[in-house]
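Architecture at a glance
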Amino acid sequence: MQNRRIYFIERPDGPVTPACFDIRDEPTPGLEEGDVVVRNIYLSCDPYMRGRMGGTANYPGSKNFPLNEVIPARVVGQVEASQNSKFKEGDLVWGFLGWELYSMAKGGGDLRVIDPFLGPISHAITVIGMPGLTARVGILDIGKPKKGETAFISSASGAVGQVAGQIARLEGCHVVGSAGSDEKVRHIVDVLGFNSAFNYKTVSSIGDALNEYCPNGIDIYFENVGGETLEAVLDRINVGARIPVCGQISQYDSTVRFEPCNIDALELKGALMQKFSIYEHMDQYDAFLPWMAERMKAGKIVYYEDIVDGIENTPAAFIGMMQGENLGKRLMRVSEDPTL
Ligand SMILES: NC(=O)c1ccc[n+]([C@@H]2O[C@H](COP(=O)([O-])OP(=O)(O)OC[C@H]3O[C@@H](n4cnc5c(N)ncnc54)[C@H](OP(=O)(O)O)[C@@H]3O)[C@@H](O)[C@H]2O)c1
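Report on the accompanying structure. Keep in mind that this is a model prediction, so the values were computed, not measured. Residue positions are counted from 1 within each chain, in the order its sequence is given. Residue-level local features of this predicted model are given only where pLDDT is at least 70; pairs of side-chain atoms are given and counted only at 80 or more, and the full residue set underlies all totals for whole chains, interfaces and linings. In computing side-chain values, all of the structure's heavy atoms are included and hydrogens and water are not.

This part is about the sheet that holds strand β10 (residues 174–179). The six strands lie next to each other as β11-β10-β9-β12-β13-β14, forming an open sheet whose pairing is parallel. Lying at the two open borders of the sheet, with one neighbouring strand each, are β11 (196–199) and β14 (272–275). Averaged over neighbouring strand pairs, the angle between their axes works out to 15° when direction is ignored. At least two DSSP bridges between two strands are needed for those strands to be called paired. A run of H or I in DSSP becomes a helix once it reaches four residues, and a run of E becomes a strand once it reaches two; helices and strands are each numbered from the N terminus. Of the strand pairs in this sheet, strand β13 (residues 237–245) and β14 are connected by four bridges, and their pairing is parallel. For isoleucine 243, the partnering residue across the bridge sits in β14 and is methionine 273. Running over the sheet, helix α2 (residues 130–143) touches β9 (150–153), β12 (218–222), β13 and β14 and is turned about 150° from β12. Interaxial angle, 0 to 180 degrees, is taken between N-to-C directions of lines fitted to C-alpha atoms, where a helix line uses only the stretch in contact. Two residues qualify as a contact provided that any one of their heavy atoms is within 4.5 Å of a heavy atom in the partner residue.

This is the structure in structure tokens:
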């Protein structure tokens, strides 16, 4: 089998550029006892990958991607060939594989068979996978929402934000979102069902927008972006507010971090600000699958994926996602999905 693979060849200094990647065609090596070859269908594009490419955005314990290796990523695919009794040809699986057309899972790796009754197979790496679980942990375990409270979600139409806001709504919160285009703002209100949303790029100031849309202050801030948004939120948190820090994407390309000047608001308001990594919460994964699938089937949570076709478009799709091109969770589709 001829493989096409995306190698990571240069650490970015600032925003990621096409020069960071090289696309190479190579044969797939033969299988040994225990190995599985997967024909990849969906490849994930995630902001945390920017941290692993080099810079300051890594989570504790995570390592930079090595140079001159294929970019590792969560993948949904179909077993093409197997020398492993746990997997048979045709099985639909997901696992930590790579940006390539075919992946070799040595000894079966961390592959898991996908239960098609849980929903579309892509969901295994989106809403009933890492981004969905991240949203649940941030909102429910750290945010601890109470009925009638105000929850503000940044990057609210994205992979994690869209779920975080919908869970907060189900818990009876007044939910407000921000995003970087008018199309995203309409989507957040009309499709995702948030109470309101604003375009952080066109409002006169983020603080004024928060005054307008969160008139009772902010009880939960689901932090995805950092920078000026975080500073504006800190001025408007209520006593006992909770801030689950999921990520701070506005800082990932910066060499000089924007530090809010009002971090003392946490002390003054007795508020909690807690950074978390989903890797510390993977013990919840098995219970999370039916929890989320049930809500999706009942129409209580909807989910949007932003799919780009063609492996050769993967670097541009990642760069575009970092710049706000995606409406929903960005995925690459690199071969046919047999369930569609
Ligand atoms: N803690 C964890 O374990 C964990 C797990 C998953 C994700 N995360 C974090 O969660 C956050 C969201 O990730 P995601 O996967 O859901 O990505 P996403 O929101 O689907 O996509 C990234 C979005 O970030 C926004 N963005 C880019 N630059 C920005 C800036 N300077 N200011 C404000 N927004 C900016 C863009 O939307 P706009 O059009 O709105 O600018 C872009 O569409 C990231 O910070 C990520 O690192 C953390």
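Once that is clear, we can look at the packing of aromatic side chains. Aromatic contacts are taken between Phe, Tyr and Trp rings whose centres are within 6.5 Å, Trp giving its six-membered ring; a plane angle under 30 degrees counts as stacked, one over 60 as edge-to-face, and the others as tilted. Applying the stated rule across the entire model yields eight aromatic pairs. Ring geometry for phenylalanine 8 versus phenylalanine 65: centroids 6.2 Å apart, planes at 80°, classification edge-to-face. With phenylalanine 8 in strand β1 (residues 2–8) and phenylalanine 65 in the loop between α1 (48–52) and β4 (69–70), this pair connects stretches of sequence that are 57 residues apart. We classify phenylalanine 8 as buried; its relative accessible area is 0%. Given a relative accessible area of 4%, phenylalanine 65 falls into the buried group. Ring geometry for phenylalanine 288 versus tryptophan 291: centroids 6.2 Å apart, planes at 25°, classification stacked. You can see phenylalanine 288 and its partner tryptophan 291 sitting in helix α8 (residues 285–297), three residues apart, about one turn around the helix. The rule is simple: take the accessible area with a 1.4 Å probe, protein chains only, and divide by the maximum for that residue type; under 20% is buried, over 50% is exposed, in between is partly exposed. For tryptophan 291, a relative accessible area of 18% puts it in the buried group. Ring pairs connect the aromatic residues Phe152, Phe198, Tyr213 and Tyr221, which therefore count as one cluster. Sitting over the ring of tryptophan 291, arginine 136 keeps its end group 4.3 Å from the ring centre. Above the face of the tryptophan 291 ring, arginine 295 is positioned so that its terminal group lies 4.0 Å from the ring centre. Whether a charge lies above a ring is judged from NZ of Lys or CZ of Arg, which has to be within 6 Å of the ring centre and within 35 degrees of the ring normal.

Once that is clear, we can look at the site of the ligand. Near the ligand you find 28 residues, and of these Lys184, Tyr200, Tyr252, Ile278 and Asn326 are the closest. Whenever two N or O atoms come within 3.5 Å, that pair is a polar contact, provided that in protein one can donate a hydrogen and the other can accept it, and provided that, for residues adjacent in sequence, both atoms are side-chain atoms. Within the backbone of valine 160, an N or O atom sits 2.8 Å from an oxygen atom of the ligand. Note on areas: these come from Shrake-Rupley sampling with a 1.4 Å probe, and a residue is covered only by the protein chains present in the view. When the free accessible area of the ligand is taken as 910 Å², the share hidden by the protein chains comes to 92%. Mapped onto the shell around the ligand, the elements with two or more residues apiece are α2 and α9 (314–322). By residue class, the composition of the shell around the ligand is 15 nonpolar, 12 polar and one charged. Taken domain by domain, the makeup of the shell around the ligand includes at least three residues from each of domain 1 (2–126 + 304–333) and domain 2 (130–279). Proximity is defined per residue: any heavy atom of the residue falling within 4 Å of a molecule or strand makes that residue near it. In this count, Pro and Cys sit with the nonpolar residues alongside Ala, Val, Leu, Ile, Met, Phe, Trp and Tyr, while Asp, Glu, Lys and Arg are called charged and the others, Gly among them, polar. Domain delimitation in this document rests on an assignment produced automatically or drawn from a domain database.

Most of helix α3 (residues 161–170) sits out of view: eight of its 10 residues are buried. Buried positions along α3 lie against α2, β9, β10, β12, α8 and β16 (329–333). Trailing α3 by a residue or two, glycine 172 shows a phi angle of about 90°, which is positive.

A side chain of one charge can pair with a side chain of the opposite charge if their charged atoms are brought near each other. The rule for a salt bridge is simple: a side-chain nitrogen of Lys or Arg has to be within 4 Å of a carboxyl oxygen of Asp or Glu. Overall, the coordinates contain 17 salt bridges when judged by the stated rule. Ionic pairing is found between glutamate 32 and lysine 106, a salt bridge with its closest N-O pair at 3.6 Å. Residue glutamate 32 is located in the loop between β2 (21–27) and β3 (36–44), and its partner lysine 106 is located in the loop between β7 (102–105) and β8 (112–113); the two are separated by 74 residues in the primary sequence. Through salt bridges with shared partners, a single network forms among Arg4, Asp25 and Glu312.

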